[in-house]
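Descriptive analysis of the structure
Each chain is listed here by its residues.
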Amino acid sequence: MKATKVSRIAAGALSALLLSGTLFACSKEPDEASSAVSETSQSAGAIFTEHLGERDLGGYTLRILATAPDQAFSSAQYAPDELNSDPVNDAVLERNNILSDTYKCEIAVEFVEAHTGVEDRVKNDSLSGTVNYDIVSTGLSSLAVLAANGNLRDFYSIGDSNLQLDQPWWDQQAVEQLSITDKLYFVCGDILYTDDERTHMLFFNKDLIAENQLDDPYQLVKDGTWTLDRMYEMARAVAVDNGDGEMNVTTGDTWGFIGAAFDTYKFILGCDAPMVEKNEDDVPVISVLNTKNVDAFMKTYEMMTDRSACAYLEMFYRWDDSTGRETFYDQFYSGNALFMADNICALNSAKMQDSSVNYGVLPLPKYDESQDGYACTIDPYWFTCMALPAMAADTDLDKVTFLMEAMAYYNRSEVTPLYYDTTLKSKRLMDESSEEMLDIIFSNRIMDLANIFSWDDCIQYYNSMIFSGSNAIASYMESHQPAMQKGIDDTIEAFRKLGA
């Protein structure tokens, strides 16, 4: 798999100077910080000269329509209003100041409600011809709806685009995996951080590992022997009923694993078994009945339905029961669970930061030791990408792509290290091995198009099997495959019409 933003290009002397200047400014009083920012801005324009050249955008304002401002890093990644001593926020504010000074432009963001809120806004604006933004930035599942509806523009169709999408500041895994019929409607990379925040992985309790004299999971990962079988074996070894003869989440029992039913799908993707693969024409081909996929489901099903050791949220509470959800996941934060499945963003939660649990992070396990590398998937509802509205003025595309490229290029050396090394690694993780695990997690992302477009609601197929208590995967998938195929065909036809 190709490397993502974490395989950073080495910053030159100027980049190092800028980075140290930004960090220094963040620690000062406001007046001193403003002075340092101003001095840095005067020289920082040179960072773009070789890559993008000199240009005057004449006061152009890049307008971003975005969602979820309350999520960690969401507001900070676009257009912060002021310095607040958060490294990412302050570095992005500095970036925008530099872009403004260098290219005579501004960056503005408008936040709207996520999911149907942003979908309805873009659809209605497209119908009425009132699109007044240049970029739509939200979760992939919503962007997929908009793309299939004809509301987004194919990045590959833009003539004289300034985007260098083959460069490392754009996520090469996303570029490769998210296209359909050689059309690409979504991009991410160093320009964003809420994509990384919604990458799926595992937390584990290091003290429970030691108390039960289990193998070091870090070493298993490094040795290539971290598999579903090993995880399940460890989960069973740790699980203990508190004495009432029934495993529960309110009686002090110790669980081997806790998660949600949807983690079934994520574990299967961790086995490098997506529901669709792409053929030589960049067309999705259903793979749910491939031997690898069926075997991955059977192994995952056995673990997820073993109530003596493993629990998923919906065993006890509705998925939207916020109080029940808190009670359930508190099993890990209180030290009563060995493994917990979640996204990277859980590192930034108050629950994790306030917990006394000695935790580490791991990639999703392989199917078996013969699997070539690890595969960590994403949360399709919140994994953020950027897209271009189809109705945006063609005359602005040169400026839009120019500034997108500048933002991503600058972030590569000046902002991403602050997010990745200073915030995630130094502040959120407790040991060097966890840092190595984070590198593996980000460098091996799998973005299943079925997970994103959810043809025939296929994103719920594995959940349905778990809820029904049936592992008759072959007959279930055979009965659903025609409807799923129709959904794929409809999407392909819609994309082909858009390109006609």
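Values in this document were obtained by computation on a predicted structure and should not be read as measured data.

Quick notes on the pattern of salt bridges
Summed over all chains, the structure comprises 18 salt bridges. With its nearest N and O atoms 2.3 Å apart, the salt bridge here joins R230 to D215. Taken as a pair, R230 in helix α10 (residues 228–238) and D215 in the loop between α8 (206–211) and α9 (217–223) lie far apart in primary sequence, 15 residues in all. D215 sits in the partly exposed class, given a relative accessible area of 42%. Three or more residues are tied together by salt bridges with common partners; here these are E110, R121 and D125.

Let's talk about the layout of surface pockets
In this structure, the largest pocket encloses a volume near 1100 Å³. Surrounding the largest pocket, 30 residues form its lining, R198, R325, N343, D379 and W382 being those nearest its centre. Secondary structure elements with two or more residues in the lining of the largest pocket: α11 (263–270), α13 (322–333), β9 (337–343) and α19 (461–468). Per-element tally for the lining of the largest pocket: the top contributor is α13, with five residues. The residue inventory of the lining of the largest pocket, partitioned by class, reads 13 nonpolar, six polar and 11 charged.

Considerations on the sheet that holds strand β8 (residues 310–312)
Read across the sheet, five strands follow the order β8-β5-β9-β4-β10 without closing on themselves; strand pairing throughout is mixed. Bordering the open sheet on either side are β8 and β10 (359–362), each of which pairs with just one other strand. The sheet shows a mean angle of 20 degrees between the axes of neighbouring strands, direction not considered. In this structure, strand β5 (residues 255–259) lies alongside β8, joined through three bridges in parallel fashion. Considered in β8, the bridge of G259 is made with Y312. Most of the contacts of helix α17 (residues 432–443) go to β10, to which it runs at about 25 degrees, and overall it touches β4 (200–205) and β10.

Section: the pairing of β9
For β9, the buried fraction is high: seven of the seven residues fall into the buried class. When β4 meets β9, the two strands line up antiparallel, connected through five bridges. Directly across from L202, in β9, lies its bridge partner A341. Direction of pairing for β5 relative to β9: parallel, over a ladder of three bridges. Within the sheet, the bridge partner assigned to F257 lies in β9 and is F339.

Remarks on empty space enclosed by the protein
This structure, assessed with the given rule, holds one cavity of 30 Å³ or more. In this model, the largest cavity occupies a volume close to 60 Å³. T67, A68, Q71, S74, Q77, Y78, S137, T138, G139, T194, W382 and T384 together form the lining of the largest cavity. In terms of residue count, the dominant contributor to the lining of the largest cavity is strand β3 (residues 135–139) (three residues).

Here's the deal with the nonpolar core
Core analysis: the biggest nonpolar cluster contains 166 residues, and L178, F186, F203, W226, M275, F332 and M404 have the highest contact counts within it. Among the elements that take part in this core, helix α15 (residues 397–414) stands out by supplying nine residues, more than any other. Excluding anything up to four places from it in sequence, F186 contacts L140, L143, A144, A147, L152, F155, L178, C385, M386 and F453.

Structural notes on the packing of α11 against helix α12 (residues 291–304)
Viewed as axis vectors pointing N to C, α11 and α12 meet at an angle of 135 degrees, and their least axial separation amounts to 9 Å. In this view, α11 runs oblique relative to α12, as classed from their interaxial angle. As for how α11 packs across α12, the hand of that crossing is right-handed. Between α11 and α12, the residues in contact are D263, T264, F267 and I268 and A296, F297, T300, M303 and M304, respectively. Of the residues assigned to the contact of α11 with α12, the class counts are six nonpolar, two polar and one charged.

Cut-offs applied
- Residues numbered from 1 in each chain as written.
- Predicted model: local features only at pLDDT ≥ 70, side-chain atom pairs only at ≥ 80, totals over all residues.
- Heavy atoms only, no water.
- Salt bridge = Lys/Arg side-chain N within 4 Å of Asp/Glu carboxyl O.
- Helix = DSSP H or I, 4+ residues; strand = E, 2+ residues; numbered from the N terminus.
- Buried < 20%, exposed > 50% of the residue type's maximum accessible area, 1.4 Å probe, protein only.
- 1 Å grid on protein atoms, 1.4 Å probe; cavity = no way out; pocket = protein on both sides within 12 Å on 5 of 7 lines; lining within 4 Å.
- Points joined across faces, edges and corners; volume = space filled by probe spheres on them.
- Nonpolar A, V, L, I, M, F, W, Y, C, P; charged D, E, K, R; others polar.
- Pairing = 2+ DSSP bridges.
- Axes fitted to C-alpha atoms, helices over the stretch in contact; angles between N-to-C directions.
- Contact = heavy atoms within 4.5 Å.
- Core = buried A, V, L, I, M, F, W, Y, C linked by side-chain atoms within 4.5 Å.
- Parallel < 35°, antiparallel > 145°, perpendicular 65-115°, else oblique.
- Left-handed = near helix turned anticlockwise from the far one by under 90°.

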